[in-house]
Amino acid sequence: MSNNDGMVVASSKEAKALGLDLGRPWFELRPHAQRLGVTALSSNYELYGDMSRRFHAILARFTPELEIYSIDEAFMRVSPKIARDPDAMTALGREIKDTLHQLIGVPVCVGIAETRTQAKLANRAAKKIAAFEGVCVWPATRPQWRQQLMSRLPVSEVWGIASRLERRLVAMGISSIADLATADPVRIRKAFNVVVMRTALELRGVPSIVAEEDRTGRKEQLIVSRSFSEKVTTRDGMCQALSIYAQQAATRLVRQKQVAKLLTAFAGTSHYSEQRSFPSVMVKLPAPTADPVELTRAAHRLLPLIEDGGRYARAGIMLTDLRPASQAQSLELFRYAHEESGIAELIDKVQKKEGRDLLGLGYGGMRPGPSWQMKREMLTPRATTHWDELAHCKGLSGTQELVGRVRVCGGTTVPSERS
């Protein structure tokens, strides 16, 4: 489900076969779910993030060059010795696939090719064509088969070709992947840009796209925003939301070793509300910072624009003009006291150990917690990060919890020999 269990955003092939396409509202499906045998799950971002870290850590064992592309995708460079042997490449792909399945239980597909664009195409073939059993080594396939596949697939199946660009390519007579691969690169560059030209060259097997920086690391902007499960109708409620978001933003800045110079706070009612309101404010900070106190104060500059009685459906904070913390040392006169004291790092450590709801600053730490927090009634256990949500296994004597005795040494909890 999407945020607040609103609609379907991901579904298995079995669910798709039942007609449960993406974008279907859950309230329409709920009455029929049991009859159809459908299981719905809420978004579990903490579990996804931890599994992603494990996924990329395991991939790093197989290569000295790992390019993280997204939460569940990465490019790896194969050693020249293995690259010269198709059988060795296939064996490597199967080892990667089997290791990930054994250690974290995640099914993956592996595509191996001479370029990133070809590798993406090979990965799609590994996923869609059962004969590959999840691993497709593009150079090891027959040239006639590759040509037929590329001739059948529309150009929109190419990495980076969206629907709008597809329409322009089709207007030029380029409707399939094979058409783009054989097109004149100079003509493609004149008609579009160098990026599309590089894609065409990559389809021919000419490496043209350079490695990108880790997409999970430093970013040009940082946004913390959520839709509310219940409408916020008071300034105090909005004050609490902005305080929580500002402190979450500070935590993420600290983890990324960045600071921000510009903060934008915004809120909005539903677009279908009778009284629509979309206030926003942009605050230029005196100096780049990741101080949660200063970011919270800046976010609260939105509050005078909040109408009491308004039914606000969402709010958020956007930080821009980001820069590395090591390059943003201010004169002592302009340094923030709480930043010097490491308040953001302290809050992050406590929340990691004891839970996000345990500690907060000001309105962000008020109890009871906000009633508008994201609704996730079908949340799966966060089994890899929470002791009280450990997974269960079925043994000969029935279901048993995977919990053993622990002993405490020097303030650190470690499993005992019997665990």
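Refer to the preceding data block for the structure.
Residues numbered from 1 in each chain as written. Predicted model: local features only at pLDDT ≥ 70, side-chain atom pairs only at ≥ 80, totals over all residues. Heavy atoms only, no water.

Caption draft 1: Here's a closer look at the pattern of salt bridges. Summed over the entire model, instances satisfying the criterion amount to twelve salt bridges. The partner of R77 in a salt bridge is E65, and the shortest N-O contact between them spans 3.1 Å. Here E65 lies in the loop between α3 (45-59) and β1 (66-70) and R77 lies in the loop between β2 (73-76) and α4 (80-83), a separation of twelve residues in the sequence. Judged by its relative accessible area of 42%, E65 is partly exposed. For E67, the salt bridge goes to R116, with nearest N and O atoms at 2.9 Å. Of this pair, E67 sits in strand β1 while R116 is found in helix α6 (residues 116-128), placing the two residues 49 residues apart along the sequence. In terms of burial, E67 and R116 fall into one category: buried. (Salt bridge = Lys/Arg side-chain N within 4 Å of Asp/Glu carboxyl O. Helix = DSSP H or I, 4+ residues; strand = E, 2+ residues; numbered from the N terminus. Buried < 20%, exposed > 50% of the residue type's maximum accessible area, 1.4 Å probe, protein only.)

Caption draft 2: The side chain of S2, seen in detail. Among the secondary structure elements, S2 is positioned in the segment before α1 (13-17). Judged by relative accessible area, which is 18%, S2 ranks as buried. Separated by 3.4 Å, the side chain of S2 and the backbone nitrogen of G6 make a polar contact. If sequence neighbours within four positions are ignored, S2 has contacts with M7, V9 and S43. (Polar contact = N/O pair within 3.5 Å; in protein donor to acceptor, adjacent residues only side chain to side chain. Contact = heavy atoms within 4.5 Å.)

Caption draft 3: The arrangement of unusual backbone geometry in detail. Look at K257: it is not a glycine, yet its phi comes out positive at around 55°. Among the structural elements, K257 can be located in the loop between α12 (235-256) and β6 (258-269). Overall, K257 belongs to the exposed group, its relative accessible area being 60%. One non-glycine residue, D321, lies in the positive phi region at around 55°. You can see D321 is positioned in strand β8 (residues 312-324). Among the residues examined, D321 registers a relative accessible area of 39% and is labelled partly exposed.

Caption draft 4: Highlighting a nonpolar patch on the surface. A cluster of nonpolar side chains, namely Y45, Y48 and I71, defines an oily patch on the protein surface of about 280 Å² accessible area. Structurally, Y48 can be placed in helix α3. (Patch = residues over 30% accessible without salt bridge, like charges linked within 9 Å, V, L, I, M, F, W, Y side chains within 5 Å. Areas by Shrake-Rupley, 256 points an atom, 1.4 Å probe, with all protein chains shown as cover.)

Any functional reading would require information beyond the geometric quantities listed.
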